[in-house]
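# Analysis of the macromolecular model
Below are the chains, spelled out letter by letter.
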Amino acid sequence: MSAPTTPGRSRRPISSGPSSASRSESWASASIASLTSVCSDDLNSIQFPEARMIGPFILGGLDGYPFVGKTGIGAFSHHVPEGGAALMFVGPHVGITDDGQVGKVVRPGQTRPSDCCGAASAALRKLEAGRITPKEPACYDPDDYQQEALEQLVLRHAGEILGPGKPDEARRFVRMTEVIYREAEAAFFRLLKTVDFEAPAFAFGGILINRDGDAGASIALHRAARVDNKQLVDMTAEFTEWSEAKFKEIEAGKADALR
Ligand SMILES: [Zn+2]
């Protein structure tokens, strides 16, 4: 599927009241509850594209897999303001340094690149070394449950991730990230079928791409869907067309095109 990249930006402090925003904007923000299923990595707290909404409710654990599960999505479904809407995003993340290293990023306050996503990178190294063996969830280390789950996930897709021919670290990282995306999206969509939203609810899936320092992150969008009576109505094409038109307006100087 095509993956249009939407511009991200560094997150600014969220205002605690309506004084810094217009009345209409603060009313709209107060009506939307957001949920994210992105990696716990502190970089995502800084770099996830800013949105002045309630939340986010944090459903994600390591590399964005929705580890908070049914209990989490059930709680969130009751948190949407009356007359409001729910906006949700799921996806893994991957760093790309300014000099093009995939799976790495130079973090704020540091000068050398480090792994991003670190959890996925550790799982990939272990997979390459043949050190992951099949394991039932009941046998996962309770003190490292999420990492063990991630390792088993990559093991199930070892052939696709490792690929044919000579080892190519960047390609492997990209393939692994796509695999984790598919699995996280499938798990998230399963969870959405377990709850009832009384308000309109929209789910987006994609890969969060982290950049060096405070350059922010962008989202390679893979999926947009509306939740309708426990069913997901795909609106990816519709949304992509709409957002491309909006971004053209922004490029043409209409800064408030998305309002
Ligand atoms: Zn991560």
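Each chain carries its own residue numbering, running from 1 in the written order of its sequence. Reporting in this predicted model follows two pLDDT cut-offs: at least 70 for local features of residues, and 80 or more for side-chain atom pairs to be given and counted; totals over whole chains, interfaces and linings ignore these cut-offs and use all residues.

What follows concerns the overall build of the protein chain. In DSSP terms, a helix is any run of H or I states spanning at least four residues, a strand is any run of E spanning at least two, and both are numbered starting from the N terminus. In terms of helices and strands, the protein chain carries eight helices and 10 strands. Whether a residue is buried, exposed or partly exposed follows from its count of other C-beta atoms within 10 Å of its own C-beta, namely 20 or more, 12 or fewer, or something in between, respectively; the C-beta atoms are built from the backbone. The buried share of the protein chain, taken over its 259 residues, is 32%. It is the C-beta atoms, placed from the backbone, that decide contacts: two residues are in contact if theirs lie within 7 Å. Counting contacts in the protein chain only where the partners sit at least 6 residues apart, residues at least 24 apart contribute 63% of the total.

Next up on the list: the pairing of strand 10 (residues 231-234). Any two strands with at least two DSSP-identified bridges between them are counted as paired. Pairing of strand 9 (residues 217-228) with strand 10 involves four bridges; the strand directions are antiparallel. For R226, the partnering residue across the bridge sits in strand 10 and is V233.

Moving on to the environment of P66. Tracing the backbone shows P66 in the loop between strand 3 (54-58) and helix 3 (69-77). Note on P66: 26 C-beta atoms within 10 Å, which makes it buried. Placed 122 residues apart in sequence, P66 and F188 show a C-alpha to C-alpha distance of 6.1 Å. Each residue touching P66, except ones within four places of it in the same chain, is listed here: S37, L59, G60, V90, A184, A187, F188 and L191.

Bringing unusual backbone geometry into the picture now. Residue P56 is bonded to the preceding G55 through a cis peptide linkage, with omega at 10°. By secondary structure assignment, the location of P56 is in strand 3. For the bond from C116 to C117, the omega torsion is 5°, close enough to zero to count as cis. Despite not being glycine, K230 has its phi angle at roughly 70°, a positive value. Note on placement: K230 falls in the loop between strand 9 and strand 10.

Here we come to the pairing of strand 4 (residues 85-90). Judged by how many residues are buried, strand 4 sits mostly within the fold: five of six residues are covered. Bridge count between strand 4 and strand 8 (residues 201-210): five bridges; the pairing is parallel. From the neighbouring strand, F89 faces strand 8, where its bridge partner is F204.

What follows deals with helix 4 (residues 118-128). For helix 4, the full list of buried residues reads A119, A120, S121, A123 and L124. Each element contacted by the buried residues of helix 4 is listed here: strand 7 (114-115), helix 5 (145-156) and helix 7 (169-192). Backbone geometry just after helix 4 places G130 at a positive phi near 70°.

This next bit is on the nonpolar core. A86, M88, A120 and L150 are the most contacted members of the largest nonpolar core, which totals 53 residues. Of all the secondary structure elements, the ones that give two or more residues to this core are strand 2 (32-37), helix 3, strand 4, helix 4, helix 5, helix 7, strand 8 and strand 9. Tallying contributions element by element places helix 7 first for this core, with eight residues. In this structure A120 touches D63, P92, L150, M176, T177 and I180, once residues within four positions along its chain are discounted. Think of a nonpolar core as buried Ala, Val, Leu, Ile, Met, Phe, Trp, Tyr and Cys residues chained together by C-beta atoms that fall within 7 Å.

Quick look at the confidence of the model for the protein chain now. Across the protein chain, the average pLDDT comes to 86, with 85% of residues at 70 or higher. pLDDT measures the predictor's confidence residue by residue and takes values from 0 up to 100. Across the protein chain, the secondary-structure element scoring lowest on mean pLDDT is strand 1 (residues 5-6), at 42, and the one scoring highest is helix 5, at 98. The low-confidence segment residues 1-27 (pLDDT under 50) makes 41 contacts with residues lying over four places distant or belonging to another chain.

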